[in-house]
There are 2 protein chains.
Amino acid sequence: MFEQARGFTEEKLSDEIKKSLTASARICRGNIIKMTTLAMSGHPGGSMSSLDIYLMLYMLTNIDSKNVRKDDRDRVIISHSHTSPGAYTSLATAGFFDIDDAIAGFRLAGSPFEGHVERSVPGIEWGTGNLGQGLAVGIGKALYARMSDQNFQTYVFMGDGELQKGQIGESRRIASKYKLSKLTAIVDYNKLQISGDISEVLHQNIAQEWKADGWQVIEIDGHDYDQIYNAFYKANHNNDAPILILANTVMGKGVSFMEDKHGFHGAPVKPDQLTDALAELGMENDLEKYQQMRTPEFAQQLAKKYPLKISDYPQVNKGENINYAADAKSDNRSAFGNALVSVADANVSNKDFHIGVFDCDLAGSVKTAGFAKKYSENFFQFGITEHSTATSVGSLSAENAIGIWADFGMFAVAETYNQARLSDINHANVKLFCTHCGINVGEDGMTHQSIDYFGLLNSTFGWKVITPADPNQTDKIVRHALATQGNFAVIMGRSVLPIITNADGTPYFGEGYEYRYGRMEQIRSGEKVALVTSGNMLFAAMEAYDKLKADGVNISLYSISDWSDLDADDIMKLSTYANVVTIEDHNIKTGLGTAIGDAMITSGNVTSMTKLGVKHFGSSGKPAELYKMLGMDADSIVGTIKELS
Amino acid sequence: MFEQARGFTEEKLSDEIKKSLTASARICRGNIIKMTTLAMSGHPGGSMSSLDIYLMLYMLTNIDSKNVRKDDRDRVIISHSHTSPGAYTSLATAGFFDIDDAIAGFRLAGSPFEGHVERSVPGIEWGTGNLGQGLAVGIGKALYARMSDQNFQTYVFMGDGELQKGQIGESRRIASKYKLSKLTAIVDYNKLQISGDISEVLHQNIAQEWKADGWQVIEIDGHDYDQIYNAFYKANHNNDAPILILANTVMGKGVSFMEDKHGFHGAPVKPDQLTDALAELGMENDLEKYQQMRTPEFAQQLAKKYPLKISDYPQVNKGENINYAADAKSDNRSAFGNALVSVADANVSNKDFHIGVFDCDLAGSVKTAGFAKKYSENFFQFGITEHSTATSVGSLSAENAIGIWADFGMFAVAETYNQARLSDINHANVKLFCTHCGINVGEDGMTHQSIDYFGLLNSTFGWKVITPADPNQTDKIVRHALATQGNFAVIMGRSVLPIITNADGTPYFGEGYEYRYGRMEQIRSGEKVALVTSGNMLFAAMEAYDKLKADGVNISLYSISDWSDLDADDIMKLSTYANVVTIEDHNIKTGLGTAIGDAMITSGNVTSMTKLGVKHFGSSGKPAELYKMLGMDADSIVGTIKELS
């Protein structure tokens, strides 16, 4: 009966379904209690207050347990992800997996049934262990529906405590701006958080705030299936402002001694109370059965039984390279803007190609204004809302779409590192184009110096950081990043810098150059000293090379654009020099020099290393003057290398 | 006349002062235009719309150009810090420095007059180049006033575009909760941001949102001195909810062709228009004079003339160490909670000792609940608002107060890295106590694994990361961090772990042990292999040591708690071993092993290095099982070391 009723096409909830939901709810609540007591940790209280809504979501929205990644499925996003037992028991009821697997595998090392939901569990769309993320994730999905001409609904299920988090306010305003009528937010309004009553911990006037931002608010009893159904029905037949369903619920609902007790937010029922709790729900205490199943081998079996299923990365036509002549005056960010439009042009006739470019009020500076003008429907101006933007672009990029965010490096990495980390955990494909990086940001000064992008993104596992050296290399790298699965950060400065050339004066990265991820480039050949650099600094390094050569010192000059995956052969090659000197526009403690040194010492191929780079926050001024002050200009490099010889 | 009128004691603005403000405003606007055109960058538009309010703030609040860090001064916080020319011209008018210095030194490499305001400029309280920070900074100041029984007023001056940022919503609710009647927010409501009309970029119903959160809202004409004065008067005689002054202004106010043009948000008047612009203000174009002053030597002189002045760090009585017996069963976070109360107790009779402990709904888990119970007035429950909290604690910690935030490492570092970076830039003294770090977080799983704290904080320059090994060492380290100037992050896991002992069974870090920042501890002596570890992992390393010894392999065992400042002699000592093996509960790419390798290779004291640690996000389960799965348990260490021999 549920399969036919999916999608809220009927105006009223049938008695038959209501009866079935009621029966399932009782069992699910018992299973929630069992799995948390079994794991001796977890969040039964909110799971039980959320349960009736979870059941409605997983039993009656347009999802299919046989085809969990069907492109036109409704998207159910869980924001209060510590209520995972509520989600797992409901998903199992809907046939997504065996309930015994979820109970016995809950919070078991190696099992996919983590304490906070992760994408490895069938039916889970997004891992959101950190609060306040879900609404922005939902925005990514709702925008994907719109750009791919699909009519699916996106539900975001949130806790009430997490509404305190600022990111939700950002998302609320964005959803309102884009009139995301197919986006529905539901709040499990049980009025308790870990520390007690939410209005005592940090009062919010929830309905008034959301209305002020243009939402429709429907307040319901979150344990009354008719009211839940009617609200969902309205959400499914809404062409107006997005809807918030404020669902009044009771923490620990269903077991008398748990109800309205904030102690059960994050603590399970004690083993000696378990039989009583289950008896209230008409269930028996069969915990021993599950205890016996709970072995490392069982966890391994679960991991195999439920492998992570993610969408294929879209096919991207990279278009034709744009080559910049040796005397061209451009900057890397403009080359990025040009390449972006070029790739969009190359794919415009492909109706399955979807692309979203996001901006936080800086399109002119980060050079997405050209794209915005030509492809206005694919350009999303989110205002000054970096956290929400970072999350939405991650969410979109996990669909059959290219998700792009261009911003100053300081906002796109430092301000939103945790969102990048969550995109890593969620196997997203964010394309981050970071401009104004390094001391090269110039006059904006200290607070704007993005000199930590690698130290940060290298602290995740999947992000790939790439620093192109000039507009020619930028062009190739932008195309590579857009066409390749995974999270990429392309790092650019602000300045116009000369084109990098071969000794004969022709562009090094121009026609004939093929970018291959991970490969070090030998720009000039010499002996004894290898000068290694990256990105914007290559030009200063070339200047140093020329000055040294004029003084009879012949060094080798290398450029490494791909810091995240240094090539073992390249490291071996560098170690054959008597001295390696690195120069980078990055905090010297956590940058390219450190990565090279780390690769050397752990591989056993060591040589003398000297690192040049940023040793303290700079000042506000012209980049050339700042580099000089910080000992990072050509003369400083020359001085360092001369001291070595 | 201004000095007598400071503090808004008179009910009405005198005609004399109004006349003087009007005259100053004309000159300031001209100087704003000059300095931005001279620097060929900067933000004249918002500086000119903010100018009349800036003048009121710096001419009539209780501040003193002769004593800029007077403890009972009013605090003026600039949140839209790109309007620095407005602040600089007004501060110069108020006698804080010579206007010619600010004009000629604006955005000049090495000069304190940065593009975004920094604390090195006399009269500037906080560097806020990143938007959305100011209100949380103001909360820190207002709480300081309250805890130190002072009656000063805190003003936070904000842009309108930045209200889009979520952090401001968090701060708004917190200010309302704590009834900060002496905190006044002012919005320069010129209705334009870089991309155009703020309500088109991302609409907000400003007044309604702030009222929903319990603020009083006063709407005024931000260019009418009487209206500004009256609003400030009301703010100074307010015992009610905090006040927002929504000041309607005109971007580029004062020069006809600049008014209401969003192009002048971030671009100066072109040199060929400068004479016309200045003529409208009755001023002459004397740019050449300033151009000639603008040399590197001049910048150096300015840096000397205006040295950074920060408050002395408070005197802290460290109290008596708490020693844990060899058979004690405790965890580091409990030892932190105990030490915190102990230090508070030791200083309670000192009326100049002020302390604020901040919580984001996790006091029970992070063990500040004991402090909260005993010192409820010094405990601030900010709810789930990590960004705002991180900023407020930084702000408070820069006053004569100890500012403490305890939270899960994932929230306190990963989620709020940029706020930590800004605390570094602002020379704050944040004491961050991070619990539930590492794979040791256990069942909470992937999203909660704080395994990047060092990779992140090491990407700033001032933060000191310390990882105590057991409750005894935690006790000493907590006292050290609380009593020492600077930003500290003390890293703790979740588990109860045995007390670390000497070979004779007595506690290693107990009575007689003196903690000295930066010193490596030799726990056991042996040959050939040095096993180096830190924090929670020391116990596993000791287990490995014992197993190896039983098998006839005698290694040395070292513990390093202070990752940020490795001792050169210690590195030299390690390099004398044939093999160094590191084991850490941290991302292996950016942790202790990498820091040691980096110190070795840059000092030229190298040996064979093998790093053990976290190679991918873990799962959700018991720490012991996770460590085993990830190759980080004692047996894995033993296996690695045996392979080396």
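The rules behind the values
- Residues numbered from 1 in each chain as written.
- Chains lettered and ligands numbered in written order.
- Predicted model: local features only at pLDDT ≥ 70, side-chain atom pairs only at ≥ 80, totals over all residues.
- Heavy atoms only, no water.
- Buried < 20%, exposed > 50% of the residue type's maximum accessible area, 1.4 Å probe, protein only.
- Helix = DSSP H or I, 4+ residues; strand = E, 2+ residues; numbered from the N terminus.
- Pairing = 2+ DSSP bridges.
- Right-handed = clockwise from strand over helix to strand, strands pointing away.
- Axes fitted to C-alpha atoms, helices over the stretch in contact; angles between N-to-C directions.
- Salt bridge = Lys/Arg side-chain N within 4 Å of Asp/Glu carboxyl O.
- Least-squares fit on C-alpha atoms with pLDDT ≥ 70 in both.
- Contact = heavy atoms within 4.5 Å.
- pLDDT = per-residue confidence, 0-100.
- Phe/Tyr/Trp six-rings, centres within 6.5 Å; stacked < 30°, edge-to-face > 60°.
- Lys NZ or Arg CZ within 6 Å of the ring centre and 35° of its normal.
- Buried area = accessible area lost by both parts, 1.4 Å probe.
- Polar contact = N/O pair within 3.5 Å; in protein donor to acceptor, adjacent residues only side chain to side chain.
- Nonpolar A, V, L, I, M, F, W, Y, C, P; charged D, E, K, R; others polar.

1. Some thoughts on the pairing of strand 17 (residues 529–533) of chain B
Residue and element names in this part refer to chain B.
1) Next: Among the five residues of strand 17, five are classified as buried, and the element is accordingly described as predominantly covered.
2) Next: Residues Val529, Leu531 and Thr533 point to one face of strand 17 and Ala530 and Val532 to the other, with burial holding for every one of them.
3) Next: As paired strands, strand 17 and strand 19 (residues 579–587) are joined by five bridges and run parallel to one another. In the sheet register, Ala530 faces strand 19, and the bridge partner there is Val580.
4) Next: Alignment of strand 17 against strand 18 (residues 556–559), held across four bridges, turns out to be parallel. Of the residues in strand 18, the one forming a bridge with Val532 is Tyr558.
5) Next: What joins strand 17 to strand 18 is helix 22 (residues 537–550), and the crossover it makes is right-handed.

2. With respect to the sheet that holds strand 10 (residues 379–381) of chain B
Residue and element names in this part refer to chain B.
1) Next: Across the sheet, which stays open at both edges, the six strands sit in the order 10-9-11-12-14-13 with parallel pairing between neighbours. Of all the strands in the sheet, the pair left with one neighbour each is strand 10 and strand 13 (464–466). Averaged over all neighbouring strand pairs, the angle between strand axes comes to 20°, with direction disregarded.
2) Next: Strand direction decides the pairing type here: strand 9 (residues 355–359) and strand 10, joined by three bridges, are parallel. For Val357, the partnering residue across the bridge sits in strand 10 and is Phe379.

3. Focus on the pattern of salt bridges
Residues and elements named next belong to chain A.
1) Next: Here the structure, examined in full by the defined rule, presents 58 salt bridges over all chains.
2) Next: Here Lys374 makes a salt bridge to Asp345, at a shortest N to O gap of 3.1 Å. On the criterion of sequence distance, the pair formed by Lys374 in helix 16 (residues 369–374) and Asp345 in helix 14 (residues 332–347) is long-range, its members being 29 residues apart.
3) Next: Taking relative accessible area as the criterion, Asp345 reaches 32% and is therefore assigned partly exposed.
4) Next: The partner of Lys464 in a salt bridge is Asp565, with the nearest N and O atoms 3.1 Å apart. Linking Lys464 in strand 13 (residues 464–466) with Asp565 in the loop between strand 18 (556–559) and helix 23 (568–575), this pair joins segments that are 101 residues apart in sequence.
5) Next: Judged by relative accessible area, Lys464 falls into the partly exposed class, the value being 25%.

4. As for the relation of the copies chain A and chain B
1) Next: Overlaying chain A on chain B yields an RMSD of 0.0 Å, the required transformation being a rotation through 180° with an accompanying axial translation of 0.0 Å. Both copies of the chain, as the preceding transformation shows, are related through a two-fold rotation axis. Nearest to the rotation axis, the C-alpha of A:Gly166 is located 1.8 Å from it, this being the minimum over chain A.
2) Next: Counting the interface residues of chain A, we find that 100% of their copies in chain B are interface residues as well, pointing to one common contact surface.

5. As for the confidence of the model for chain A
1) Next: Per-residue confidence for chain A averages 97 on the pLDDT scale, and 100% of its residues sit at or above 70.
2) Next: This complex was scored by the predictor with a pTM of 0.98 and an ipTM of 0.97.

6. Looking at the environment of A:Ala401
Residue and element names in this part refer to chain A.
1) Next: Its location among the elements puts Ala401 in the loop between helix 17 (386–397) and strand 11 (402–408).
2) Next: Separated by 86 residues in sequence, Ala401 and Gln315 place their C-alpha atoms 9.6 Å apart.
3) Next: Sequence-distant contacts of Ala401, defined by excluding residues within four places in its chain, comprise Tyr144, Met147, Pro314, His354 and Leu396.

7. Topic: the packing of aromatic side chains
1) Next: For the coordinates displayed, the defined rule picks out 56 aromatic pairs over all chains.
2) Next: Considering the side-chain rings of A:Tyr453 and A:Trp563, the 5.7 Å spacing of their centres and the 50° angle between planes classify their relative orientation as tilted. Taken together, the positions of A:Tyr453 in helix 20 (residues 453–457) and A:Trp563 in the loop between strand 18 and helix 23 put the pair 110 residues apart, joining distant regions of the chain.
3) Next: For A:Trp563, a relative accessible area of 3% translates into the label buried.
4) Next: Measuring from ring centre to ring centre gives 5.4 Å for B:Phe8 and B:Phe232, while their planes differ by 55°; the resulting arrangement is tilted. Of this pair, B:Phe8 sits in the loop between helix 1 (2–5) and helix 2 (15–39) while B:Phe232 sits in helix 10 (residues 225–236), and the two are 224 residues apart along the sequence.
5) Next: Residue B:Phe232 is classed as buried on the basis of its relative accessible area of 1%.
6) Next: Taken together, the aromatic side chains of A:Tyr88, A:Phe97, A:Phe106, A:Phe113 and A:Tyr306 make up a single cluster linked through ring pairs.
7) Next: The positively charged end of A:Arg172 is found above the aromatic ring belonging to A:Trp210, 5.2 Å away from the centroid.

8. Considering the interface of chain A and chain B
1) Next: Across the contact, 103 residues belong to chain A and 103 residues belong to chain B.
2) Next: Contact between chain A and chain B buries roughly 8200 Å² in total, counting both sides, with carbon and sulfur atoms accounting for 54%.
3) Next: Put simply, chain A and chain B have ten salt bridges between them.
4) Next: For B:Lys165, the salt bridge is made with A:Glu386, and the minimal N-O distance between the two is 2.7 Å.
5) Next: Counting the contacts that link chain A with chain B gives 60 residue pairs in polar contact (both at pLDDT 80 or more).
6) Next: Split into classes, the residues belonging to the side of chain A that touches chain B amount to 32 nonpolar, 44 polar and 27 charged.

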